[in-house]
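Chain and residue survey
Each chain is listed here by its residues.
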Amino acid sequence: MKFGILVNEGPYQHQASDSAYQFAVAALAKGHGIYRVFFYNDGVNNANKLTEPPQDDRNVTRQWSALAAAHDIDLVVCVAAALRRGIKNELLAPGFHISGLGQLIQAGIEADRLVVFGD
Amino acid sequence: MSEEREGGAGQVKRFMIVNRKAPYGTIYALESLEVVLIGAAFDQDVSLVFLDDGVYQLKKGQRTQGIGQKNFSSTYRALADYDVEKLYVERESLEARGLTVDDLLVPVEVLGSAELGALMERQDVVLAF
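An account of the accompanying structure is given in this report. Small disclaimer: the values here were computed from a predicted structure and weren't measured.

Here we come to the side chain of B:E31. Note on placement: B:E31 falls in helix α1 (residues 28–41). The class for B:E31 is buried, based on a relative accessible area of 0%. At 2.7 Å, the side chain of B:E31 forms a polar contact with the side chain of A:R84. When residues no more than four places from it in sequence are discounted, the contact partners of B:E31 are A:Y40, A:N41, A:A81, A:R84 and A:R85.

Spelled out as structure tokens, the structure:
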């Protein structure tokens, strides 16, 4: 099955991004595909490469980057939500790119299921 | 689970946007509306649900001067211009807050939670904010 994933919360404050990541890993392990991961609301903060958690904690941003590199996954950050929160191209971690909300609608159209992770 | 509309150029899916939060206090209501408008611009079959504190998004007489935020409630009235005309409000949420349809900015269809659940089951995409 082809999944779309929507992440609506930022890292650490909320578990949504962790859960979405775990879901993606589990889906890929079962042989499913990830059409796109779309980051919206405070979820755009997941793309911030300056994120630096304590060394004994997971790095949520780096996990997404690594997953994207390993499985060629499209990580899209909503432009309007990102600009509101100061997330710009120069802040993006590898694998993330900024685009419009149309990419979310497109994921809804193209994916077999669009799974939302939020509050 | 999707279907091609007769005569439609692209694929049309049923998108349901579920609004559960009060209009101010968090950004969910405002950014949810942006998704609705883009969904409509992509010619999708978009409907909106208001439940829990989300019913307050449609409350008449919103005044935001005191909190220094933009009052975006007029956007709900403009939805019809984007061919977004399916607005559903959960009866239980409305009643629990002492509201009736007369308190709301726009015409809506009031459904019980069971009916709403059945309607959700018929969607292709459900986005909850």
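Text resumes after the structure shown.
Working definition: the strands of a sheet are paired by backbone hydrogen bonds and lie parallel or antiparallel to each other. All names here are of chain B. Read across the sheet, five strands follow the order β4-β3-β2-β1-β5 without closing on themselves; strand pairing throughout is parallel. Since the sheet does not close on itself, it has two edges, and those belong to β4 (109–111) and β5 (125–128), each with one partner. Pairwise comparison of adjacent strand axes, ignoring direction, gives a mean angle of 25 degrees for this sheet. Relative to β4, strand β3 (residues 86–90) runs parallel, the two sharing three bridges. Directly across from Y88, in β4, lies its bridge partner E109.

Rules used throughout
- Residues numbered from 1 in each chain as written.
- Chains lettered and ligands numbered in written order.
- Predicted model: local features only at pLDDT ≥ 70, side-chain atom pairs only at ≥ 80, totals over all residues.
- Heavy atoms only, no water.
- Helix = DSSP H or I, 4+ residues; strand = E, 2+ residues; numbered from the N terminus.
- Buried < 20%, exposed > 50% of the residue type's maximum accessible area, 1.4 Å probe, protein only.
- Polar contact = N/O pair within 3.5 Å; in protein donor to acceptor, adjacent residues only side chain to side chain.
- Contact = heavy atoms within 4.5 Å.
- Pairing = 2+ DSSP bridges.
- Axes fitted to C-alpha atoms, helices over the stretch in contact; angles between N-to-C directions.

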